[in-house]
Amino acid sequence: AQKITQTQPGMFVQEKEAVTLDCTYDTSDQSYGLFWYKQPSSGEMIFLIYQGSYDEQNATEGRYSLNFQKARKSANLVISASQLGDSAMYFCAMAGTYKYIFGTGTRLKVLA
Amino acid sequence: KAGVTQTPRYLIKTRGQQVTLSCSPISGHRSVSWYQQTPGQGLQFLFEYFSETQRNKGNFPGRFSGRQFSNSRSEMNVSTLELGDSALYLCASSRGRGWGETQYFGPGTRLLVL
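Note that the coordinates shown come from a computational prediction; the quantities given were computed from them, not determined experimentally. (Residues numbered from 1 in each chain as written. Chains lettered and ligands numbered in written order. Predicted model: local features only at pLDDT ≥ 70, side-chain atom pairs only at ≥ 80, totals over all residues. Heavy atoms only, no water.)

*Asks:* Where do I start with the sheet that holds strand β1 (residues 5-7) of chain B in this structure?
*Replies:* Two modes of strand pairing occur in sheets, parallel and antiparallel, and in both the strands are linked by backbone hydrogen bonds. All names here are of chain B. Spatial strand order, β1-β3-β8-β7: 4 strands in an open sheet with antiparallel pairing. Of all strands in the sheet, those bounded by a partner on one side alone are β1 and β7 (64-68). Strand-to-strand twist across the sheet, computed as the mean angle between neighbouring axes with direction ignored, equals 20 degrees. Where β7 and strand β8 (residues 74-78) come together, 5 bridges link them in antiparallel fashion. If you follow Gln68 over to β8, its bridge partner there is Ser74. (Pairing = 2+ DSSP bridges. Helix = DSSP H or I, 4+ residues; strand = E, 2+ residues; numbered from the N terminus. Axes fitted to C-alpha atoms, helices over the stretch in contact; angles between N-to-C directions.)

Quick look at the structure:
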């Protein structure tokens, strides 16, 4: 069975510092995608970054990078230079064929 | 390019009623997925439609149903509403070509059942 685990219910980070949000996954599929989404209090899920299971390089999108360690089945999100607007819920997700599963999320609070 | 749109944004219903939610995907996207998000259960997958066919389904009772039209717009229906159906319902679209595709979400419909 597929599973996504986010063990940090809440995190605090000082503005301008970097923060790592943890995500581990379990799947028997060879082909899958890993994603991170941000959900502000408004409710909309905003796509941040994607990593394919066959990608050898870690994905980066601006201040976001995904630390992909396939052997350990982890896909941690690193946010560099945190901003106040980064305060939100963050969800890790895995996509196999036609189906997504989501973790329980991490609530990040950026402190001024 | 316009994003995923959902209507209505907010709904208040009473127990026993039924409700229909609508989702318009990004132009060119043929897959639409629906999710229910509650504080207690998190994000749960309801179903996915591609080319007017339900391609995948989560573990929800038959009161939850959906359909997709030829223009890829999708509707979700919940009959005989229960208090526990109060949730944020999110719709997401993708091209639907297969595994590992990025899904793009709409703003959601907040449903309150009284």
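*Asks:* Whenever I open this one, the packing of aromatic side chains confuses me. Can you help?
*Replies:* How two aromatic rings sit relative to each other is set out by the distance from centre to centre and by the angle between their planes. If you walk through the whole model with that rule in mind, you get 17 aromatic pairs over all chains. Summarising the aromatic geometry, the rings of A:Tyr100 and A:Phe102 are spaced 5.8 Å apart at their centres and angled 35 degrees between planes, so their arrangement reads as tilted. Like A:Phe102, A:Tyr100 is buried. Aromatic ring contacts, followed pair by pair, group A:Phe35, A:Tyr37, A:Phe47, A:Tyr50, A:Tyr100, A:Phe102, B:Tyr35, B:Phe45, B:Tyr104 and B:Phe105 into a single cluster. The ring of A:Tyr64 carries the charged tip of A:Arg63 above its face, separated from the ring centre by 5.6 Å. Note that B:Arg55 overlies the ring of B:Phe50, its terminal NZ or CZ placed 4.2 Å from the centroid. (Phe/Tyr/Trp six-rings, centres within 6.5 Å; stacked < 30°, edge-to-face > 60°. Buried < 20%, exposed > 50% of the residue type's maximum accessible area, 1.4 Å probe, protein only. Lys NZ or Arg CZ within 6 Å of the ring centre and 35° of its normal.)

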